[in-house]
Amino acid sequence: MSTALLELEHIGISFGALKAVNEVNLSLREGERVAIFGPNGAGKTTLFNAITGLNIATEGAIRVAGVDITNSTPYVRASKGIARTFQITNLFFGLTVEDNLLLATRGLKNTKFSFWKSSNSNESENAVVDSALERCHLTKKRSIQVKHLSYGEQRQLELAMSLTSSPRILLLDEPAAGLSAVERKVMADVIRGLPSDLALILIEHDIELALSLVDRVICMYQGQIFAEGSPDEIRNNPKVQDIYLGRRNRA
Ligand SMILES: Nc1ncnc2c1ncn2[C@@H]1O[C@H](COP(=O)(O)OP(=O)(O)O)[C@@H](O)[C@H]1O
Ligand SMILES: [Mg+2]
């Protein structure tokens with residue numbers, strides 16, 4: 001019997017009287033790509049936070065490859081292969097693209113504080129950085145200071161930084177938000193080109209973009225999953241159209 005890579009079982013997350021996430025079940029296999037749709041306030045980001053450890057689920061269980069991580073620290077979860085995109089505010093704008101990636105590479109290791117001493121010293125780190133740059137279409141920008149990147153390139157860099165820990169499960173919270181049509185297309189290509197064994201959960205308001213990237217979609221509303229299916233099933237689900245698809249990009 002194969003164990004799911006990520007398993008959420010009856011997850012509930014409450015903030016005082018507000019039940020932001022309610023009875024969510026989700027199972028993700030290696031390499032599987034899932035989108036989560038839902039209007040603002042549906043509980044999507046809160047669910048991500050419960051997976052990464054920013055919030056602790058108040059009900060239910062979360063497992064990675066069969067190991068319970070429901071109450072684990074973010075660090076433990078990261079070491080088990082869970083990563084999410086950094087927010088742009090986590091980028092160092094005065095540093096180069098490469099140095100931002102080196103910092104991210106060292107984030108999970110105890111060499112973290114030797115950054116200033118040993119720039120460019122480690123071959124395996126450089127290989128990780130090279131691979132992340134290439135995957136995120138940033139190789140030519142390696143020596144550019146982050147403040148000189150376009151907004152779209154900054155978001156590509158966030159994604160590149162999340163890849164430096166070689167995750168097994170990557171959570172992307174609205175990676176195309178605020179991007180122009182051209183930048184969105186680049187981001188879609190980058191996501192499409194991610195390693196095929198990397199499992200992905202994508203929160204995205206650009207529905208057509210998301211549907212072109214995933215195997216399965218989960219629709220949330222008021223903290224609960226109300227529909228689940230293949231991209232085609234979701235496109236043709238009248239309930240989904242009512243609650244969400246009719247209000248594309250602004251829901
Ligand atoms: N730290 C928090 N404290 C209190 N309420 C919160 C907190 N985080 C989120 N919420 C509430 O939980 C609900 C779900 O929010 P969120 O997960 O951000 O929705 P989504 O990402 O789907 O837009 C919202 O009603 C939001 O106001
Ligand atoms: Mg959100």
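Residues numbered from 1 in each chain as written. Chains lettered and ligands numbered in written order. Predicted model: local features only at pLDDT ≥ 70, side-chain atom pairs only at ≥ 80, totals over all residues.

Q: Can you walk me through helix 5 (residues 151-163) in this structure?
A: Working note: α-helix, 3.6 residues per turn, so residues spaced by three or four point in the same direction. Taking 1.5 Å as the rise per residue, helix 5 with 13 residues should run 18 Å; its terminal C-alpha atoms sit 19 Å apart, in good agreement. Counting buried residues in helix 5 gives 10 out of 13 residues, a clear majority hidden from the surface. Taken together, the buried positions of helix 5 are occupied by Gly152, Arg155, Gln156, Leu157, Glu158, Leu159, Ala160, Met161, Ser162 and Leu163. For helix 5, the secondary structure elements touched by its buried residues are strand 6 (82-84), helix 3 (97-106), helix 4 (123-135), strand 7 (169-173) and helix 6 (181-192). (Helix = DSSP H or I, 4+ residues; strand = E, 2+ residues; numbered from the N terminus. Expected span 1.5 Å × (residues − 1). Buried ≥ 20, exposed ≤ 12 C-beta atoms within 10 Å, placed from the backbone. Contact = placed C-beta atoms within 7 Å.)

Q: In this structure, what is going on with helix 4? I would like to understand it.
A: The end-to-end C-alpha distance of helix 4 is 18 Å, a good match for the 18 Å that 13 residues give at a rise of 1.5 Å each. Within the sequence span of helix 4, burial applies to Val129, Ala132 and Leu133. The buried side chains of helix 4 occupy one side of the element, clustering within an arc of 100° when seen end-on. Those residues of helix 4 that are exposed and angled more than 90 degrees off the buried face are Glu123, Ser124, Ala127 and Glu134. Buried residues in helix 4 make contact with helix 3 and helix 5. After helix 4 finishes, the residue histidine 137 shows a positive phi value of roughly 55°. (Arc of directions from axis to C-beta.)

Q: Can you walk me through the packing of helix 5 against helix 6 in this structure?
A: Relative placement of two packed helices is described by the angle separating their axes and the distance separating the axes. Close contact between helix 5 and helix 6 brings their axes to 10 Å; oriented N to C, the two are set at 15°. One way to sum up the angle between helix 5 and helix 6 is to call them roughly parallel. The two elements helix 5 and helix 6 meet at a crossing, and its hand is right-handed. Together, Gly152, Arg155, Gln156 and Leu159 of helix 5 and Glu183, Val186, Met187 and Val190 of helix 6 make up the contact between the two elements. Its residues assigned to classes, the contact of helix 5 with helix 6 comprises four nonpolar, two polar and two charged. (Axes fitted to C-alpha atoms, helices over the stretch in contact; angles between N-to-C directions. Parallel < 35°, antiparallel > 145°, perpendicular 65-115°, else oblique. Left-handed = near helix turned anticlockwise from the far one by under 90°. Nonpolar A, V, L, I, M, F, W, Y, C, P; charged D, E, K, R; others polar.)

Q: I keep staring at unusual backbone geometry and nothing clicks. Help me out?
A: Glycine aside, residues mostly have negative phi, and peptide bonds are mostly found in the trans state. Phi at histidine 137 takes a positive value of approximately 55°, unusual for a residue other than glycine. With respect to the helices and strands, the residue histidine 137 is situated in the loop between helix 4 and helix 5. Taking the number of C-beta atoms within 10 Å as the measure of exposure, histidine 137 has 17 and is therefore partly exposed. The backbone phi angle of glutamine 222 is positive, close to 45°, even though this residue is not glycine. Structurally, glutamine 222 can be placed in the loop between strand 9 (216-221) and strand 10 (224-229). Accessibility expressed as a C-beta count within 10 Å gives 15 for glutamine 222, which makes it partly exposed.

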